[in-house]
Amino acid sequence: MALLFLSTPARAPVWRQILSDAGETMIDGEGAVTDPALVTEIACWTPPEDLGRYPNLRVVISVGAGVDHLPPMPPGVALSRTLAPGIEAMVRDWVVMATLMLHRDMPVYLDQARSRLWRTHPVRAASARRVGILGMGRIGGLVAGSLTALGFDVAGLSRSGAGADMDSVPVFGMDQRDAFLARSDLLVCLLPLTGETEGILDASLFAALPKGAGLIHAGRGKHLNMPDLQAALTSGQLSAAVLDVTEPEPLPPGHWLWHDPRVIITPHIAAQTDAAEGARHALAVIRAMRQGLPVPGLVNQDKGY
Ligand code: GLV
């Protein structure tokens, strides 16, 4: 029984140490596999070309929070996404940063600074800014708590009712989607990418936001309809956007997004999985599978998250 490690070289020694301290075997890279039948777990971002090559594979562990980049699993193979407080806190930090940037008009001030323009605009209190969080899972809940602590007027939208236990944050159901959007001056997207959420950030959604709303996107590039975003920025329906994800990635140098002063781009860095946290998650998965216990980060493969 061995875990096949297919992640970055920098992470490999950390994983090897943590797994070997726990008595587990790690194979570093497909080139090092002598007998595919030994491989019982695969930890990867980019999966092997042929998962069917491993007859005893029991689980694939995504070294990130998302799993939309992975192919359908062969029958009987579980899928786990890395649950790590570090990933969640990093995304929370990025969203708080992006929210403050839009709240305090940073796209405007960065643009003014390029032409050495000293011009002030009215400052609003955080309590006068309504933030809406699309996706109230673990990260959404964390973001909601931090933005509430900063004084923002926060609400969430949840299909499953997640986050409904948060005292200070109203959570809207899908049947109240338009009411939720109508009170989102800043909309934060933290949704997983599934067949149902692909393209969800489109003209009809933007039209339901208050005029001049801002978009903060740390989901996936495919959530966002790019022509609709451009049209919404042009019409003023959206005033600005901060995007950590695009389609495609990397974003080509000539893409209009790079050149639009109302858009701030970061290159998919909201979170990076810490090597030790990732390895400890993998170890917890291996142990749980072996003992028949609930598998941490187990993905419902029908739902896609
Ligand atoms: C990054 O986007 C991840 O899924 O961890």
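Residues numbered from 1 in each chain as written. Predicted model: local features only at pLDDT ≥ 70, side-chain atom pairs only at ≥ 80, totals over all residues. Heavy atoms only, no water.

Thoughts on the overall build of the protein chain
Thought 1: Looking only at helices and strands, the protein chain has nine helices and 12 strands in total.
Thought 2: Taken against the 2.2 N^0.38 rule, which gives 19 Å for 305 residues, the C-alpha radius of gyration of the protein chain at 21 Å falls within 12% of a compact globule.
Thought 3: Taken along the three principal axes of its C-alpha coordinates, the protein chain extends 65 × 40 × 30 Å.
Thought 4: By the burial criterion, 49% of the 305 residues in the protein chain qualify as buried.
Thought 5: Considering only residue pairs separated by 6 or more positions, the protein chain has 58% of its internal contacts joining residues 24 or more positions apart.
Thought 6: Side-chain charges of the protein chain comprise 25 positive and 30 negative groups, with the mean position of each set lying 6 Å from the other. (Helix = DSSP H or I, 4+ residues; strand = E, 2+ residues; numbered from the N terminus. Rg over C-alpha atoms; globule rule 2.2 N^0.38 Å. Buried < 20%, exposed > 50% of the residue type's maximum accessible area, 1.4 Å probe, protein only. Contact = heavy atoms within 4.5 Å. Lys, Arg positive; Asp, Glu negative; His and termini not counted. Charge placed at Lys NZ, Arg CZ, Asp CG, Glu CD.)

Let's talk about the sheet that holds strand β5 (residues 78-81)
Strand pairing in a sheet is mediated by backbone hydrogen bonds. Such pairs are either parallel or antiparallel.
Thought 1: The strand order β2-β1-β3-β4-β5 describes an open sheet built from five strands, whose pairing is parallel. Edge strands, defined here as strands with exactly one partner in the open sheet, are β2 (26-28) and β5. Taking the axes of each pair of neighbouring strands and ignoring which way they run, one obtains an average angle of 20° across the sheet.
Thought 2: Examined bridge by bridge, strand β4 (residues 59-62) and β5 share four bridges and lie parallel to one another. Bridged to Ile61 within β5 is Ser80.
Thought 3: Against the sheet, helix α1 (residues 12-21) contacts β1 (2-6), β2 and β3 (39-44), and its axis sits at roughly 165° relative to β2.
Thought 4: Running over the sheet, helix α9 (residues 275-291) touches β1, β3, β4 and β5 and is turned about 160° from β4. (Pairing = 2+ DSSP bridges. Axes fitted to C-alpha atoms, helices over the stretch in contact; angles between N-to-C directions.)

Let's talk about the domain arrangement of the protein chain
Thought 1: What the domain assignment reports for the protein chain is domain 1 (2-84 + 273-291) and domain 2 (86-265).
Thought 2: Look at where the C-alpha atoms of domain 1 and domain 2 centre, and you get two points 33 Å apart.
Thought 3: Summing both partners gives a buried area of about 700 Å² for domain 1 against domain 2, and 52% of it is carried by carbon and sulfur.
Thought 4: Summed over the three residues of domain 1 that lose the most area to domain 2, namely Asp68, Leu83 and Ala84, the buried surface amounts to 56% of that side. (Domains from an automatic or database assignment. Buried area = accessible area lost by both parts, 1.4 Å probe.)

Here's the deal with the sheet that holds strand β8 (residues 171-172)
Thought 1: With parallel pairing, seven strands are arranged side by side in an open sheet as β8-β7-β6-β9-β10-β11-β12. Edge positions in the sheet fall to β8 and β12 (263-265), since each has one partner strand and no second.
Thought 2: Bridge analysis of strand β9 (residues 186-189) against strand β10 (residues 213-217) gives four bridges, and the strand direction is parallel. Counterpart to Leu187 in the pairing with β10 is Leu215.
Thought 3: Contacting β6 (130-134), β9, β10, β11 (238-243) and β12, helix α2 (residues 85-103) runs over the sheet at an angle of about 160° to β10.

So, the pairing of β9
Thought 1: Going residue by residue along β9, you find Leu186 and Val188 tucked away on one face and Leu187 and Cys189 tucked away on the opposite face as well.
Thought 2: Pairing of β6 with β9 involves four bridges; the strand directions are parallel. Bridging across to β9, Gly132 finds its partner in Leu187.
Thought 3: Handedness of the β9-helix α6 (residues 203-208)-β10 crossover: right-handed. (Right-handed = clockwise from strand over helix to strand, strands pointing away.)

What about the pattern of salt bridges?
Oppositely charged side chains are able to pair whenever their charged atoms sit close together.
Thought 1: Applying the stated criterion to the full structure yields 13 salt bridges.
Thought 2: For Arg124, the salt bridge identified is with Asp185, shortest N-O distance 3.7 Å. With Arg124 in the loop between α3 (106-114) and β6 and Asp185 in the loop between α5 (177-182) and β9, the pair connects residues that are 61 residues apart, well separated along the chain.
Thought 3: Given the relative accessible area of 38%, Arg124 is considered partly exposed.
Thought 4: Assessed through its relative accessible area of 12%, Asp185 is described here as buried.
Thought 5: The salt bridge involving Arg159 is made with Glu196; its shortest N-O contact spans 3.2 Å. (Salt bridge = Lys/Arg side-chain N within 4 Å of Asp/Glu carboxyl O.)

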